[in-house]
Amino acid sequence: MNYLLVVAHPDDEVLGAGASIKKFTEAGHRVDMCIMCTDADARAFRPSDEELNSDIDESARLLGINKKYEGTFQNIKMNNVDHIELVQFIEKAIVASEPDVVITHHTADTNNDHMHTSLACQAAVRLFQRRSDVKPLSELWFMETPSSTDWVVNTSMNRFNPNTYVEVGKERIDIKIKALATYRGVMRPYPHPRSEEVITGLAAQRGGESGCNYAEAFECVLRRIT
């Protein structure tokens, strides 16, 4: 199986699916990631360019990520970019990666970049319907990103509704936290959603509600069985 993570910023892939990525790559599956705002230039406590690139590479190494497709859209300004530009960038990653499963943000995420990434990704995954040379997609998943998906301030939008659980075990949650900690300035002390305690607790909760030994939860919104 080939997986493609389409995320707005560096570290989103770890927050939303880090332990699952590790499980997939350990099993021999290929995982690529497409980052829309690689520079993350509006981030608080952002390290230097060289340090951030090093953090991305080290985190990807820990999780076993195969290839990165790095965009240069501006952080927290994706709403000012023509939708078609975002879609076409993701489409290029899809053509190159040939994923069976694409994982991206939930549309109701409070973070503006997450929302626009999700909307663009939903359009991009339909590319195989227009081009016979593109590998058909099997599944599209939404992930939950602590400190963003949990803030559903706009009640007119549907909340994240998990229906797919990946059992990861405590050891992969520990690796997830280690991979997240490679991103300088991202982790926060408890009770922040990006603290070690909350990340571990969320995995325990998702495991408890699905009968798994720690889990990451996803919302599968497309599944094609052929």
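See the structure above.
All values reported here derive from a predicted model rather than from experimental measurement.

Moving on, we get to unusual backbone geometry. The residue after Tyr190, namely Pro191, is reached through a cis peptide bond having omega 15°. Structurally, Pro191 is set in the loop between helix H6 (169–181) and helix H7 (196–210). For Ile76, which is not glycine, the phi dihedral falls at a positive 60°. Looking at the secondary structure, you find Ile76 in the loop between strand S3 (68–70) and helix H3 (83–97). Despite not being glycine, Ser147 has its phi angle at roughly 85°, a positive value. Examined against the element boundaries, Ser147 turns out to sit in the loop between strand S5 (139–143) and strand S6 (164–167). Of the residues examined, Ser147 reaches a relative accessible area of 26% and is grouped as partly exposed.

Ranked by internal contacts, the top residues of the largest apolar core, which has 34 residues, are Leu5, Ile103 and Trp141. By residue number, the principal contributor to this core is helix H1 (residues 12–26), which donates 6 residues. Residue contacts for Leu5: discarding those within four places in its chain leaves Ala17, Ile21, Val31, Asp32, Met33, Cys34, Ile103 and Met143.

Attention now moves to the packing of aromatic side chains. Enumeration according to the criterion identifies 5 aromatic pairs in this entry. Ring centres of Phe73 and Phe89 lie 5.7 Å apart, and the angle between their planes is 85°; this geometry places the pair in the edge-to-face category. Of this pair, Phe73 sits in the loop between S3 and H3 while Phe89 sits in helix H3, placing them 16 residues apart in sequence. Relative to Phe218, the ring of Trp141 has its centre 5.0 Å away and its plane inclined at 45°; by these criteria the two rings are tilted. In this pair, Trp141 is assigned in strand S5 and Phe218 in strand S7 (residues 215–223), connecting sequence segments 77 residues apart.

Picture the strands of a sheet paired through backbone hydrogen bonds; they go either parallel or antiparallel. Here we have 7 strands laid out as an open sheet, ordered S3-S2-S1-S4-S5-S7-S6, and mixed in their pairing. The open sheet terminates on both sides in strands that have one partner only, identified here as S3 and S6. Each strand axis lies, on average, 25° off the axis of its neighbour in the sheet, ignoring direction. One ladder, built from 4 bridges, connects strand S1 (residues 2–7) with strand S4 (residues 101–105); its direction is parallel. Looking at the pairing, Val6 lines up with Thr104 of S4. Contacts from H3 reach S1, strand S2 (30–35) and S3, with the element oriented near 165° to S1.

The tally for this structure, following the rule as stated, stands at 0 disulfides. The closest cysteine sulfur to the non-disulfide-bonded Cys121 is located on Cys34, 8.0 Å from its own sulfur. We classify Cys121 as buried; its relative accessible area is 0%. Looking at Cys212, it has no disulfide partner, and the nearest cysteine sulfur is the one in Cys220, 16 Å off.

Each value, and the rule that gives it
- Residues numbered from 1 in each chain as written.
- Predicted model: local features only at pLDDT ≥ 70, side-chain atom pairs only at ≥ 80, totals over all residues.
- Heavy atoms only, no water.
- Helix = DSSP H or I, 4+ residues; strand = E, 2+ residues; numbered from the N terminus.
- Buried < 20%, exposed > 50% of the residue type's maximum accessible area, 1.4 Å probe, protein only.
- Core = buried A, V, L, I, M, F, W, Y, C linked by side-chain atoms within 4.5 Å.
- Contact = heavy atoms within 4.5 Å.
- Phe/Tyr/Trp six-rings, centres within 6.5 Å; stacked < 30°, edge-to-face > 60°.
- Pairing = 2+ DSSP bridges.
- Axes fitted to C-alpha atoms, helices over the stretch in contact; angles between N-to-C directions.
- Disulfide = S-S within 2.5 Å.

Honestly, it's all geometry; don't read function into it.
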